[in-house]
Amino acid sequence: MAWKIDNDRPVYLQLMEHIKMQIATGELSAGDRVPPVRVLAAEAGVNPNTMQKALQGLEREGLMYSNRTEGRFISAETNVNQVSTSYARELTVDYYGNMKGLGLNDQEIVKTLEDYIEESGG
Amino acid sequence: MSELLTVNAVTKAFGRKVVLENIHLHLEPGRIYGLLGPNGSGKTTLIKLINGLLAPTTGEIYVDGSGIGPRSKSLISYLPDKLYFAEWMTTNNLIDYYSDFYEDFDKERAYNMLMNLNINPDEKLKVLSKGTKEKVQLILVMSRRAKLYVLDEPIGGVDPASRDYILDTILSNYDENASILISTHLITDIERILDEVIFLQNGRTVLSAAVDDIRANEGKSVDELFREVFRCY
């Protein structure tokens, strides 16, 4: 999954989201060692300090832990479902907010989504 | 944390024209700073002061605790805004020259970067294009293991693909305790690698903030903020 950084939001938040997505999709799983900050930063094309801040944020949220000598790991308790559920919720909050912003009411929003699912053959 | 660069109440005037007025800067180790401002805002003058090419009218500058002098120059790797190499020299000659001059010069690093950018070190500078010369100069500057890199418009004449390579090189090569001060107009290209930005206008600091704070507080990129702050009417 390529790293994509938007212009209008803090970079570290976007890095956190990206890594959460990698956990949600199973690209990173419990017990995996997280690559070193510098490697990840180079891969994402961002400043290592920013990447460091993102990883610390993920540690605070309990998705990773760091071991002084061995590096950083994805927490064993990290439940993929839990991460994807919370990520799905974040996306839903965005979607709902945007649709409301367009002036649609709740029924119209649900209808639009149902129509789309049907169309896309889902 | 000890400061790497301290600029304390610096004013620089050329005759009656005041170019920098009461500038304060405090750079910490391990961070990348963007020095941004419209043409004529004093960026290059400030950089020349830091490198000892000009002396401040009033105020002081310290690099890692020392005043500007041989020690500060050995700690700073400086990329000027002009090309200054002799045209008859080859890149190989320059690499030897640099490693004679600077104890912290890493030849292997220089040759690696030249190879990745497809630059033939046997060619004389006079046959290289402007962009390639700029790349050579930047490679030499980034091949030192300096404490502070001061880059004046490093990627201006360089094509976008090489720009990305150069930025990635900067990111992966600078030491954890080294800092970089970059002046540029190409904010969008460079924004992702900056920790903090300093906006200069008419010789004064108008803003000094962390990039992510700007994005969080303003909801816009540094580039957009720059266009807003320095809008020309």
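(A) The nonpolar core, seen in detail. Residues and elements named next belong to chain B. Of all hydrophobic cores here, the largest spans 48 residues; its most connected members are Leu140, Tyr149, Leu151, Ile180, Val197, Phe199 and Val222. Top element by residues in this core is helix α5 (residues 130-142). It accounts for 6 residues. Apart from residues no more than four positions distant in its own chain, Leu140 is found in contact with Phe85, Leu94, Ile95, Tyr98 and Phe105.

(B) Structural context of helix α3 (residues 91-101) of chain B. All names here are of chain B. Residues of α3 that are buried include every one of Thr91, Asn92, Leu94, Ile95 and Tyr98, and no others. The buried residues of α3 occupy an angular sector of 160° when the element is viewed end-on, so they sit on one face. Turned more than 90 degrees away from the buried face of α3, the exposed residues are Asp100 and Phe101. Of the surrounding secondary structure, the elements contacted by the buried residues of α3 are α4 (107-116) and α5.

(C) Representation of the interface of chain B and chain A in the model. Between chain B and chain A, the contact holds 19 residues from the first and 17 residues from the second. Interface of chain B and chain A: buried area, both sides summed, is about 1400 Å²; carbon and sulfur atoms make up 41% of it. For the chain B face of the interface with chain A, the top three residues by lost area are Arg192(B), Asp212(B) and Arg215(B), together amounting to 42%. Taken together, the links from chain B to chain A amount to 0 salt bridges. The interface formed by chain B and chain A holds 10 residue pairs in polar contact (both at pLDDT 80 or more) in total.

(D) Layout of the pairing of strand β8 (residues 179-183) of chain B. All names here are of chain B. Extensive coverage of β8 is indicated by the burial of 5 of its 5 residues. Neither face of β8 is open: one carries Ser179, Leu181 and Ser183, the other Ile180 and Ile182, and all of them are buried. With 4 bridges connecting them, strand β3 (residues 32-36) and β8 associate as parallel partners. Within the sheet, the bridge partner assigned to Gly34 lies in β8 and is Ile182. In this sheet, β8 lies alongside strand β7 (residues 148-152) in parallel orientation, the contact comprising 5 bridges. Residue pairing in the sheet places Val150 in a bridge with Leu181 of β8. In this fold, the crossover linking β7 to β8 by way of helix α6 (residues 160-173) has right-handed handedness.

(E) Just the packing of helix α2 (residues 37-44) of chain A against helix α3 (residues 48-60) of chain A, in detail. Residue and element names in this part refer to chain A. Look at α2 against α3: their axes get within 9 Å of each other, and the N-to-C directions meet at 110°. The angle between α2 and α3 places the two elements in the roughly perpendicular class. Our pair here, α2 against α3, has a crossing hand that is right-handed. Across the interface between the two elements, Val37, Arg38, Leu40, Ala41 and Ala44 of α2 pack against Pro48, Met51, Gln52 and Leu55 of α3. Taken together, the residues that form the contact of α2 with α3 break down as 7 nonpolar, 1 polar and 1 charged.

Conventions we followed
What you see as residue numbers is a count from 1 along each chain, following the sequence as written. Written order decides the labels, with chains lettered from A and ligands numbered from 1. Local features are withheld for residues below a pLDDT of 70 in this predicted model, meaning they are given only at 70 or higher, and side-chain atom pairs are given and counted only at 80 or more; totals for whole chains, interfaces and linings count all residues. Calculated side-chain values reflect all of the structure's heavy atoms, with hydrogen atoms and water omitted. Among buried residues, those of type Ala, Val, Leu, Ile, Met, Phe, Trp, Tyr and Cys that are joined through side-chain atoms within 4.5 Å constitute a nonpolar core. Type-normalised accessible area, obtained with a 1.4 Å probe on protein chains alone, sets the label of each residue: buried when under 20%, exposed when over 50%, and partly exposed for intermediate values. To qualify as a helix, a DSSP run of H or I must reach at least 4 residues; to qualify as a strand, a run of E must reach at least 2; elements of each kind are numbered from the N terminus. Working rule for contacts: check all heavy atoms of both residues, and any pair within 4.5 Å makes them a contact. In this description, the arc belongs to the directions extending from the helix axis to the C-beta atoms. Throughout, buried area stands for the accessible area (probe radius 1.4 Å) lost by two parts on being put together, summed over both. Salt bridges are defined as contacts in which a side-chain nitrogen from Lys or Arg sits within 4 Å of a carboxyl oxygen from Asp or Glu. In the analysis that follows, any N or O atom pair within 3.5 Å is treated as a polar contact, provided that within protein one partner can donate a hydrogen and the other can accept it, and provided that, for residues neighboring in sequence, both atoms belong to side chains. Pairing between strands is defined by DSSP: at least two bridges between the two strands are required. When the strands point away from the viewer, a crossover counts as right-handed if the route from the first strand across the helix to the second turns clockwise. A fitted line through C-alpha atoms serves as each axis, taken over the contacting stretch for helices, and the angle formed by two N-to-C directions is quoted from 0 to 180°. Should an angle fall under 35 degrees it is called roughly parallel, over 145 degrees roughly antiparallel, and 65 to 115 degrees roughly perpendicular, with every other angle called oblique. Crossing handedness is defined as follows: a turn of the near helix away from the far one that is anticlockwise and smaller than a right angle gives a left-handed crossing, while the clockwise case is right-handed. Asp, Glu, Lys and Arg are counted as charged, while Ala, Val, Leu, Ile, Met, Phe, Trp, Tyr, Cys and Pro are counted as nonpolar; the rest, among them Gly, fall into the polar class.

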